[in-house]
Amino acid sequence: MKKAVSLILVVCIFTLLFALPASGEGEVFVAAGNTVLPLTDAMPIRSSGVWYIDYQCFTKGNLNVNSSYNAAERMLVLYTWDTTLIFDLNKTVAYTATEKIPYKAVSFAASGTVYVPVQFTAQMLGFEYTYLSELPMIRIKRSSDIPNNMFIYIAQNEIPDLLAAYKASKEQQNAGSVTPQPQPQPDDHPEEEVTRKNIRLSFNITDGKNFKSILDALSRYGYRATFFVQGNVIPEYDNELRRAFAAGHAIGTLSQNGAPDFSAGGDSLTTALDLANENLFEAVKIKTRLLRVPGGSKSLSKDAVDHIISLGYRIWDGHISPQGNTSSRIYSSAISRLEATSASVPVLTLSDSDIHTGALTRILRYLNTNNYRTYTITFLDSPVNDISEKR
């Protein structure tokens, strides 16, 4: 029923489209901050007087917005330093992670992306929204960005080149669409279907000395993982962190100083979490809401849990935390517990200690031999922790 409603909603949106203002051939540009974005097939759409744009426009330019989209759950998250905005495409509502007050906000999937109402989204994330009819262009900006009256002159010089590049791209696509496709040869055989198993690899980075070795091992097998990083090690290992982010690994936090921050609690914990995110932002220009408590979630009081959730974080432990005082025992513990778990996508927790890093290659070899597929943790995944906290 939900899928049917969503389909009807999309059909209604497209049938109500207004005529787009002309800019030669009807293109409407988008500017993120001081950057005019290239034209794509995901053009802005106007329906019932409301402009909708590709959500990825918010992640470009100098706006410093991050995103996470779960296509299976049809949930989109956009987050800045201060605000986490969640769109539920099924219910056509949006809400912030802290307030949890649902706002009526239509968002929908089309042209291979998700469209969001630009004015509503901009205002919720703390940006200014303007429609510059002279160009025409939708602009999302910070108060510190170039004023619109000055930006118009800059944009007018860039638009011809962007328009030419877009037309050239379309002509190339059209030419390619009539290119004959190679036909299968008689000796072609479809690949045999292989049963795949799933796992989420995660690492606690507390001193960073084995960070590079871990990345090297994952790279050899093409596996991705989630790294929960202690904030005070980021400045020394920022190159490794940038490498991890560029390779598609997910980043979480252990707070700035690890366990002592959670013992302090309250405002001190808030400050420590902010500082860890500041270090993360300095290194890779993102922040994270994925949190792991070094002593495990069971070490937290109820007040501490509520405080952490109020700050917009999601608490992760894991299903499998191998034990042992040698690399061989860590490997044996990890595999035996993995084989015994009933979780559909178990979370394996390793550290950056010497013995865990020493066991890693054997663990990855086992996963590869047994057809495991790895997934990273995202903000939209339901948290796995020892206190059954799913917020």
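Residues numbered from 1 in each chain as written. Predicted model: local features only at pLDDT ≥ 70, side-chain atom pairs only at ≥ 80, totals over all residues. Heavy atoms only, no water.

**Concerning the sheet that holds strand β9 (residues 103–104)**
Ordered in space as β5-β6-β7-β8-β9, the 5 strands form an open sheet in which the pairing is antiparallel. The open sheet has two free edges, formed respectively by β5 (66–70) and β9, since each of these has just one partner strand. (Pairing = 2+ DSSP bridges. Helix = DSSP H or I, 4+ residues; strand = E, 2+ residues; numbered from the N terminus.)

**With respect to helix α5 (residues 238–246)**
Residues Glu-240, Leu-241 and Ala-244 constitute the buried set of α5. For α5, the arc enclosing every buried residue in end-on projection is 100 degrees, short of the 170-degree limit, so these residues lie on one face. Across α5 from its buried face, at more than 90 degrees, point the exposed residues Asn-239 and Ala-246. For α5, the elements touching its buried residues are α4 (211–221), β15 (225–229), β16 (250–253) and α7 (266–284). Once α5 finishes, Gly-248 follows within two positions and takes phi at roughly 95 degrees, a positive value. (Buried < 20%, exposed > 50% of the residue type's maximum accessible area, 1.4 Å probe, protein only. Arc of directions from axis to C-beta. Contact = heavy atoms within 4.5 Å.)

**Focus on the packing of α5 against α7**
Between α5 and α7, the shortest axis-to-axis distance is 9 Å and the interhelical angle comes to 75 degrees. Classified by the angle their axes make, α5 and α7 are roughly perpendicular. Of α7, the residues touching α5 (which contributes Asp-238, Leu-241, Arg-242 and Phe-245) are Leu-280, Ala-283 and Val-284. Residues of the contact of α5 with α7, tallied by class, amount to 5 nonpolar, no polar and 2 charged. (Axes fitted to C-alpha atoms, helices over the stretch in contact; angles between N-to-C directions. Parallel < 35°, antiparallel > 145°, perpendicular 65-115°, else oblique. Nonpolar A, V, L, I, M, F, W, Y, C, P; charged D, E, K, R; others polar.)

**A look at the nonpolar core**
Leu-201, Phe-203, Leu-218, Phe-227, Leu-241 and Leu-367 are the most contacted members of the largest nonpolar core, which has 38 residues in total. Mapped by element, the contributors of at least two residues to this core are β14 (197–205), α4, β15, α5, α7, α9 (327–340), β19 (347–351) and α10 (354–369). Among residues more than four places away in sequence, those in contact with Phe-227 are Phe-203, Ile-205, Phe-211, Ile-214, Leu-215, Leu-218, Ala-244, His-249, Ala-250, Ile-251 and Gly-252. Of all hydrophobic cores here, the second largest spans 28 residues; its members include Trp-51, Phe-58, Leu-85 and Val-116. (Core = buried A, V, L, I, M, F, W, Y, C linked by side-chain atoms within 4.5 Å.)

**Remarks on the sheet that holds strand β1 (residues 29–32)**
The 4 strands lie next to each other as β2-β1-β13-β12, forming an open sheet whose pairing is mixed. The open sheet terminates on both sides in strands that have one partner only, identified here as β2 (35–36) and β12 (128–132). Relative to β2, β1 runs antiparallel, the two sharing 2 bridges. From the neighbouring strand, Ala-32 faces β2, where its bridge partner is Thr-35.

**With respect to the pattern of salt bridges**
Any two side chains of opposite charge can pair, so long as their charged atoms come close to each other. Per the stated rule, a full pass over the model turns up 10 salt bridges. With its nearest N and O atoms 3.1 Å apart, the salt bridge here joins Lys-141 to Glu-128. Residue Lys-141 is located in strand β13 (residues 137–141), and its partner Glu-128 is located in strand β12; the two are separated by 13 residues in the primary sequence. For Lys-141, a relative accessible area of 5% gives the class buried. (Salt bridge = Lys/Arg side-chain N within 4 Å of Asp/Glu carboxyl O.)

**Considering the confidence of the model for the chain**
On average, residues of the chain carry a pLDDT of 86, and 88% of them reach 70 or more. Mean pLDDT values for the elements of the chain range from 45 in helix α1 (residues 2–15) up to 98 in β19. Predicted confidence is poor over residues 1–25, with pLDDT under 50, and the contacts of this stretch with residues over four places away or in other chains come to 39 contacts. When the criterion is pLDDT under 50, residues 179–193 qualifies, and its contacts beyond four places in sequence or with other chains add up to 0 contacts. (pLDDT = per-residue confidence, 0-100.)

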